[in-house]
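So you can see what is in the structure, the chains are spelled out below.
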Amino acid sequence: MSVRLAGRAGQPVPLAGDRPVLLGIDFGGTKMAVGVADGEGRLLACERVPTYAERGAPQALDRALDLAARLVGEAGGPVVAAGIASPGVVRPDGIDLAPNVPGWDRLRLADAVRDRLGVAVVAVDNDLNAAALAELRLGALRDVDPGLVVGLGTGVAAAITVRGMVLTGRHGAAGEIGYAVAGGGPWPGTMLELDFSGRALDLLADDLGVPGAAAGLAAAAVRPGPARDALTARVDELARHLVTCCLLLDPQRVVLVGGVAGSELIRGLLVERLAAVLPYRPEVVLSGFADDAALLGAVVLAREAVPAPR
């Protein structure tokens, strides 16, 4: 069922009725979130469903659009714009660098939303860029410059904010640190995402016989022992790359988002490592949006895509 969100006074936000609404969709490797917002970008209702990545991209897209159609129908107002947050680098004819859901590279998300829901204005961006936009407009990066958002979820990535904008890079791939060279051995070693990400930590927990996947591993690592040693080594690898990011950008604040970032132990280890070597130490904070940063960013994308009245 859909969830109504509380307003400023703690009262339920009424559904839109005949008023125009905004649609936000956040596609993730583990779960997908769909939200309907009023014209000011305030969420009226939202719902999350599993991605079932192993079943492929078409079924995930179909189920998300079914959910969007239902929530829009319940809201009752016309959709003036939609915002979509997606893994990878989004092109008009496909998506690059999104390996976690088979077939995701062949999707045309904007076209699918236009065709299924009849929405003329559709904005699509990388999911972490969307999260960074939400932090800029609504969260921990307001009045912060420059900023760095680090996503620790199914994968690992970063987003850079400068002067109130998210920097996307020449190909839209700025911040794709999951592809950074990591590990020892002959060049080029391995990729950071294979050493540190939600999926990598799930595999590590399985190798160590620790139940509960990444969350179970983090819980076990609170105590000295093999789990802590193994997790610390993986955090060390991530920290080396974040140090380089901070030296390059000199951020005022670093915002951590994603399920893995929720581990107090992992956050503490990262802060310790950054503080030990950086000449200028940024503030490191956990996003206040819990799991909603990319969804709220998708809504902001929709709101900012609406043409200004003449």
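Criteria and cut-off values
- Residues numbered from 1 in each chain as written.
- Predicted model: local features only at pLDDT ≥ 70, side-chain atom pairs only at ≥ 80, totals over all residues.
- Heavy atoms only, no water.
- Buried < 20%, exposed > 50% of the residue type's maximum accessible area, 1.4 Å probe, protein only.
- Helix = DSSP H or I, 4+ residues; strand = E, 2+ residues; numbered from the N terminus.
- Pairing = 2+ DSSP bridges.
- Contact = heavy atoms within 4.5 Å.
- Phe/Tyr/Trp six-rings, centres within 6.5 Å; stacked < 30°, edge-to-face > 60°.
- Lys NZ or Arg CZ within 6 Å of the ring centre and 35° of its normal.
- Salt bridge = Lys/Arg side-chain N within 4 Å of Asp/Glu carboxyl O.
- Core = buried A, V, L, I, M, F, W, Y, C linked by side-chain atoms within 4.5 Å.
- pLDDT = per-residue confidence, 0-100.
- Axes fitted to C-alpha atoms, helices over the stretch in contact; angles between N-to-C directions.
- Parallel < 35°, antiparallel > 145°, perpendicular 65-115°, else oblique.
- Left-handed = near helix turned anticlockwise from the far one by under 90°.
- Nonpolar A, V, L, I, M, F, W, Y, C, P; charged D, E, K, R; others polar.

S.K.: Is there a simple way to explain the pairing of strand β3 (residues 31–37) in this structure?
M.R.: If a strand is regular, its side chains alternate between the two faces of the sheet. Burial analysis of β3 places 6 of its 7 residues in the buried class, which makes it a mostly covered element. Relative to β3, strand β2 (residues 21–27) runs antiparallel, the two being bridged by 6 bridges. Bridging from a neighbouring strand, D26 pairs with A33 of β3. Remark: 3 residues form the turn of the hairpin made by β2 and β3, two consecutive strands paired antiparallel. Here β3 hands over to strand β4 (residues 43–50) after 5 residues, with G41 in that stretch at a positive phi of 90 degrees.

S.K.: What should I look at first to understand the environment of G183 in this one?
M.R.: With respect to the helices and strands, G183 occurs in the loop between β12 (181–182) and β13 (190–191). Through-space distance from the C-alpha of G183 to that of D292 is 32 Å; in sequence the pair is 109 residues apart. The residues touching G183, leaving out its near neighbours within four places in the chain, are T190, D195 and E237.

S.K.: Which parts of the structure should I look at to understand the packing of aromatic side chains?
M.R.: The geometry of two aromatic rings is summed up by the distance between their centres and the angle between their planes. By the definition in use, this model includes 1 aromatic pair. Looking at R55, its charged tip hangs above the ring of Y52, at a distance of 4.0 Å from the centre.

S.K.: Looking at this structure, how should I read the pattern of salt bridges?
M.R.: In a structure, side chains of opposite charge can pair up when their charged atoms sit close to one another. If you walk through the whole model with that rule in mind, you get 14 salt bridges. Here R70 and E47 are joined by a salt bridge, their closest N and O atoms 2.8 Å apart. Residue R70 is found in helix α1 (residues 57–75), and its partner E47 is found in strand β4; the two are separated by 23 residues along the sequence. For E47, a relative accessible area of 13% corresponds to the buried category. The partner of E304 in a salt bridge is R137, with the nearest N and O atoms 2.6 Å apart. Linking E304 in helix α9 (residues 293–305) with R137 in helix α3 (residues 127–138), this pair joins segments that are 167 residues apart in sequence. With a relative accessible area of 30%, R137 lands in the partly exposed category.

S.K.: Help me out: how do you make sense of helix α6 (residues 213–220) in this one?
M.R.: Owing to its 3.6 residues per turn, the α-helix aligns residues three or four sequence positions apart on the same side. Those residues of α6 not exposed but buried are A214, G216, L217, A218 and A220. Buried residues along α6 sit against α5 (198–208), α7 (226–249) and α8 (264–277).

S.K.: Explanation requested: unusual backbone geometry in the structure shown.
M.R.: As a rule of thumb, non-glycine residues mostly have phi less than zero, and peptide bonds are mostly trans rather than cis. Following D145, the chain continues into P146 via a peptide bond in cis, with omega recorded as -10 degrees. Cis geometry is found at the peptide bond from W187 to P188, where omega equals 5 degrees. Tracing the backbone through its elements, the reader meets P188 in the loop between β12 and β13. Positive phi outside glycine occurs at Y52, with the angle close to 55 degrees. Within the element layout of this structure, Y52 appears in the loop between β4 and α1.

S.K.: Explanation requested: the nonpolar core in the structure shown.
M.R.: Within soluble globular proteins, side chains that are nonpolar generally end up buried alongside one another. Counting residues in each nonpolar core, the largest one holds 37 residues, and the members touching the most others are L152, F196, L201, L231, L238, I266 and L270. Of all elements in the fold, only β9 (147–152), β10 (156–162), α5, α6, α7, β14 (253–257) and α8 reach the threshold of two or more residues within this core. When residues of this core are assigned to their parent elements, the largest contribution, 10 residues, is made by α7. In this structure L152 touches F196, L238, V257, G258, G259, V260, A261 and L270, once residues within four positions along its chain are discounted. Counting residues in hydrophobic clusters, the runner-up holds 35 residues, among them L22, A85, L133 and A293.

S.K.: Help me understand the confidence of the model for the protein in this model?
M.R.: It should be kept in mind that the predicted coordinates are not to be read in detail where pLDDT is low. Per-chain confidence: the protein averages 92 in pLDDT, with 94% of residues scoring 70 or above. Below a pLDDT of 50 lies the segment residues 1–16, which in the model reaches 33 contacts outside its immediate sequence neighbourhood of four places, other chains included.

S.K.: Honestly, the packing of α1 against helix α2 (residues 109–117) in this entry has me stumped. Any pointers?
M.R.: Taken N-terminus to C-terminus, the directions of α1 and α2 make an angle of 45 degrees; their axes are 11 Å apart at the nearest point. Overall, the two elements α1 and α2 adopt an arrangement that is oblique. In this structure, the crossing between α1 and α2 has a hand that is right-handed. On α2, the residues that touch L61, D62, L65, D66, A68 and A69 of α1 are L109, A112, V113, R116 and L117. Here the residues of the contact of α1 with α2 are counted per class, giving 8 nonpolar, no polar and 3 charged.

S.K.: I keep staring at the packing of α5 against α6 and nothing clicks. Help me out?
M.R.: Taken N-terminus to C-terminus, the directions of α5 and α6 make an angle of 65 degrees; their axes are 7 Å apart at the nearest point. With respect to each other, α5 and α6 are oriented roughly perpendicular. Taken as a pair, α5 and α6 cross one another with a handedness that is left-handed. Here G198, L201, D202, L204, A205 and L208 of α5 lie close against α6, whose contacting residues are A213, A214 and L217. For the contact of α5 with α6, a count of residues per class yields 7 nonpolar, 1 polar and 1 charged.

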